[in-house]
Amino acid sequence: MSLLVKGGTIVTASDQYRGDVFVEGERITTIGTSLDLPADRVVDASGKYVLPGGIDVHTHLDMPFGGTTSADDFESGTIAAAHGGTTTVVDFAIQYKGQTLHHAWETWMKKAEGKAAIDYGFHMIVTELTDQVELEMDDLVRQGVTSFKLFMAYPGVFMLDDASIFRALLRTGKNGGTICMHAENGGVIDVLVKKALAEGKTAPKYHALTRPARAEAEATHRAIALAEIAGVPIYIVHLSAAEALEMVTEARDRGLPAYAETCPQYLFLSYDNYEEPGFAGAKYVMSPPLRPKETQDRLWRGLAFNDLQAISTDHCPFCMKEQKTLGEGDFSKIPNGAPGIETRMSLVFDGGVRGGRISLNRFVELTATSPAKIFGLFPRKGTIAPGSDADIVVFDPEKKTTLSVKTLHMKVDYNPYEGREVVGAADTVISRGRVIVDGGRFVGQAGAGAFLRRAART
Ligand code: URP
Ligand code: ZN
Ligand code: ZN
């Protein structure tokens, strides 16, 4: 099959120009102006941007968590992602205590196989670090699972002690892996949660009030310090607090390879959402929590000035009905997480590019190129170039959409941005040379997504 994407404005992290993209099989082979090559299909991109497919390096599909399982599996989640202009996800496989990393990897491979409609990779969540697990880390890096998420929060569930964290960091110095850190001080938070509940403070807003920004900043600082001592890079996931961003900025100013992502929820929502009436605040229960509205500007500045390098979603949807309600009467039992896999590109384009906070090139860099580089997918993914996978989004910068649970495709019964109008949306989405969204309609196939073996750091 060949495909010609004609007449659009090609945008990468560094360039913006009118041109045509010719695709043969799964790859881009030629880029030029007024290409006159016979193609099985011509996609008219006039008046639209031709972007590299979005890369979301933080999703939780079909994930058991908080006594239930995230509402999107690899089929519904990746189809929703495709609608939103994302063509690659990197999800998380979980090693439960007493289990091997390989068992976790196989389990998550089975969850994705036959279901994923777009390409996918895995980070490995390590919850127990033994000598054997360290050896397994080496093997996983060789097999293309090249990053490991560690938790400084959720004591008794996911949290690792500093010694284990430090050992894992040292190991990545040898095997070329990357540590991704959930940076919140879990011990402090646990004490605050117990105190709040003992005082009868049970409403959803106490989830946020027991997870102070300083607990995120302290853990971020500690994570970076441990990585500095180990002499390796570190990537902080879902950074939400201005105080935590200061820690990353300070480290980067000293020349340390400290990287961090933030997520749309921290750019567009705020603590005020927890004050919505009744149990509605549960929609926004996630960790770290939403922060004061003023934080949003600080995060946008961090994105613009490269103190933050990526925008991922931390898509971890739980329905209000039967899932979030597990925590009615006890905020600590509300499953942590919110949906976002489908709305990332439109929200960031609208609020970021149209809002004048980041350039169009920076938008591409933050949503595709930079995550591809950090996580060993570049230049196969994350850019429009000859030889790269033909993961292409024809993006309509003028299309107005009102975000609503009624029209979005994520399998969850609410949307945190309900009623918000955004301008800019994916129109046609191409995954490895196949059109999978055509004029806003999904025409791809569950199971067509491939597992991506990612490269280690060199
Ligand atoms: O609340 C969140 N973030 N849920 C997903 C798990 C995690 O820590 O990323
Ligand atoms: Zn996390
Ligand atoms: Zn997460």
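## A word on the site of ligand 1
Right, on to step 1. Taken together, 14 residues lie around ligand 1, and Lys149, His182, Ser287, Asp314 and Asn336 are the ones closest in.
Right, on to step 2. Here Asn336 contributes a backbone N or O atom positioned 3.1 Å from a nitrogen atom of ligand 1.
Right, on to step 3. Between ligand 1 and the protein, one listed contact pairs an oxygen atom with a backbone N or O atom of Gly337 at 3.5 Å.
Right, on to step 4. Protein chains shield 99% of the accessible area of ligand 1, which is 270 Å² for the free molecule.
Right, on to step 5. Of the residues assigned to the shell around ligand 1, the class counts are five nonpolar, seven polar and two charged.

## What about the layout of surface pockets?
Right, on to step 1. Of the volumes computed, that of the largest pocket is approximately 430 Å³.
Right, on to step 2. In terms of lining, the largest pocket is formed by 21 residues, of which the most central are Tyr154, Val157, Arg211, Ser332 and Asn336.
Right, on to step 3. Looking at the lining of the largest pocket, the elements that each hand over two or more residues are strand S7 (64–65) and helix H5 (186–198).
Right, on to step 4. The dominant element in the lining of the largest pocket, judged by the number of residues it contributes, is H5, at four residues.
Right, on to step 5. Roughly 300 Å³ of internal volume is contained in the second largest pocket.
Right, on to step 6. Lining the second largest pocket we find 14 residues, and of these His83, Glu342, Thr401, Leu408 and Ala425 sit closest to its centre.
Right, on to step 7. Of all the elements in the fold, those that place two or more residues in the lining of the second largest pocket are strand S16 (392–402) and strand S17 (421–431).
Right, on to step 8. In the lining of the second largest pocket, the residues fall into four nonpolar, eight polar and two charged.

Calculation rules
- Residues numbered from 1 in each chain as written.
- Chains lettered and ligands numbered in written order.
- Predicted model: local features only at pLDDT ≥ 70, side-chain atom pairs only at ≥ 80, totals over all residues.
- Heavy atoms only, no water.
- Near = heavy atom within 4 Å.
- Polar contact = N/O pair within 3.5 Å; in protein donor to acceptor, adjacent residues only side chain to side chain.
- Areas by Shrake-Rupley, 256 points an atom, 1.4 Å probe, with all protein chains shown as cover.
- Nonpolar A, V, L, I, M, F, W, Y, C, P; charged D, E, K, R; others polar.
- 1 Å grid on protein atoms, 1.4 Å probe; cavity = no way out; pocket = protein on both sides within 12 Å on 5 of 7 lines; lining within 4 Å.
- Points joined across faces, edges and corners; volume = space filled by probe spheres on them.
- Helix = DSSP H or I, 4+ residues; strand = E, 2+ residues; numbered from the N terminus.

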